[in-house]
Amino acid sequence: MTAPWLVGLDVDGTILLQDEMMSPGVPEAIARLRDAGHTVTIATGRSWMATRRYVEELEIDAEYVVCSNGAVTMRRVGDEWERWSIETFDPSPVLALLQERLPDARYMVELASGQRLYTEQLDDWTLDGGRRVDFDELAAEPVSRVVVVSPGHDEEDFHRLVADAGLNEVSYAIGWTAWLDIAPQGVDKGTALERVRTELGLPGERVLVAGDGRNDIGMFGWARTLGGRAVAMGQAPAEVQDAATEITDDVDDGGLARALNTLPAPAQVSAGE
């Protein structure tokens, strides 16, 4: 029996198109790998609340799913899920720096429980079960992430802000639009997937990860270090592609399915070596 692969997949821009439809061929490719005995899971910046529907739609049967850019890992327990691993940090210093530089921005934090606190409505963010609070209440307890949305600023502004504010004290990712997603220091999708890989006892050289954003760079570095495969989508920014071991087609053209279909077919996996 050939050892199975651990496959970690980003969601937006990798599994999903911009309109949240599936990228061509993805459901079929994931089903094929699942039936072959590979461990296919999701590694996303989304919260679990915004991720679970795709786990179910794709019939992913993995025991673990990585959310919130690695700060939260969910574990399947029977028909339910539990928050298996949660990384948190004190958001006070970061929030103080950001408020000073972006006083008109909108802020959100995710607590260890998964609840979200926010200062104003954030478009494109799942806030079901969340609570609107005053800014000062955002730092009342440790959080697993801080999200800053500032439509009046572009990517260059955020890069400059990160440098000026000294945000190297935490891990961060700058989104496609005007948001900054801040996680605990040293935490990313790769650190969470390594915990999952170790728990499952899977070989490091048999990992494949795929993504398209700057928050996937850490995951790519993790896979490369282990001798695995890091697949950048064709539409990914240059720095993301540079961090990968290979580049596939754009998400609109079924790039993820193309990459997944290079893994061994079911007959090859079960035949032994």
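Residues numbered from 1 in each chain as written. Predicted model: local features only at pLDDT ≥ 70, side-chain atom pairs only at ≥ 80, totals over all residues. Heavy atoms only, no water.

What to know about the packing of helix 5 (residues 189-200) against helix 6 (residues 217-226)
Logical step 1: Packing of helix 5 against helix 6 leaves a shortest axis separation of 6 Å and a crossing angle of 45°. Between helix 5 and helix 6, the angle falls in the class oblique. Here helix 5 contributes K189, G190, L193, E194 and R197 to the contact with helix 6, which in turn contributes G218, M219, W222 and L226.
Logical step 2: Of the residues that constitute the contact of helix 5 with helix 6, the class distribution is 4 nonpolar, 2 polar and 3 charged. (Axes fitted to C-alpha atoms, helices over the stretch in contact; angles between N-to-C directions. Helix = DSSP H or I, 4+ residues; strand = E, 2+ residues; numbered from the N terminus. Parallel < 35°, antiparallel > 145°, perpendicular 65-115°, else oblique. Contact = heavy atoms within 4.5 Å. Nonpolar A, V, L, I, M, F, W, Y, C, P; charged D, E, K, R; others polar.)

Thoughts on the pattern of salt bridges
Logical step 1: Inspection of the entire model under this criterion finds 20 salt bridges.
Logical step 2: Of the charged contacts, one joins R52 and E56 as a salt bridge, the two residues approaching to 2.9 Å between their closest N and O atoms. Placement of the pair is R52 and E56 together in helix 2 (residues 52-57), with a separation of 4 residues, close to one helical turn.
Logical step 3: One salt bridge connects E82 with R75, and the closest N-O pair in it is separated by 2.4 Å.
Logical step 4: Connected via shared salt-bridge partners are R83, E110, R116, R145 and D181. (Salt bridge = Lys/Arg side-chain N within 4 Å of Asp/Glu carboxyl O.)

Comments concerning helix 6
Logical step 1: Those residues of helix 6 lying buried are M219, F220, W222 and A223. Taken end-on, helix 6 shows its buried residues confined to a sector of 160°, consistent with a single buried face.
Logical step 2: On its buried face, helix 6 sits against strand 1 (6-9), helix 5, strand 12 (207-211), strand 13 (229-232) and helix 7 (238-243).
Logical step 3: Looking one or two places after helix 6, you find G227, whose phi comes out positive at around 85°. (Buried < 20%, exposed > 50% of the residue type's maximum accessible area, 1.4 Å probe, protein only. Arc of directions from axis to C-beta.)

Describing the packing of aromatic side chains
Logical step 1: For the structure on display, the rule yields 3 aromatic pairs.
Logical step 2: With centroids separated by 4.6 Å and ring planes inclined at 50°, the aromatic side chains of Y64 and W84 adopt a geometry described as tilted. Remark: W84 occurs in strand 5 (residues 80-86) and Y64 occurs in strand 3 (residues 64-67); sequence separation between them is 20 residues.
Logical step 3: Y64 sits in the buried class, given a relative accessible area of 4%.
Logical step 4: The class for W84 is partly exposed, based on a relative accessible area of 23%. (Phe/Tyr/Trp six-rings, centres within 6.5 Å; stacked < 30°, edge-to-face > 60°.)

This is a description of form; function is not addressed.
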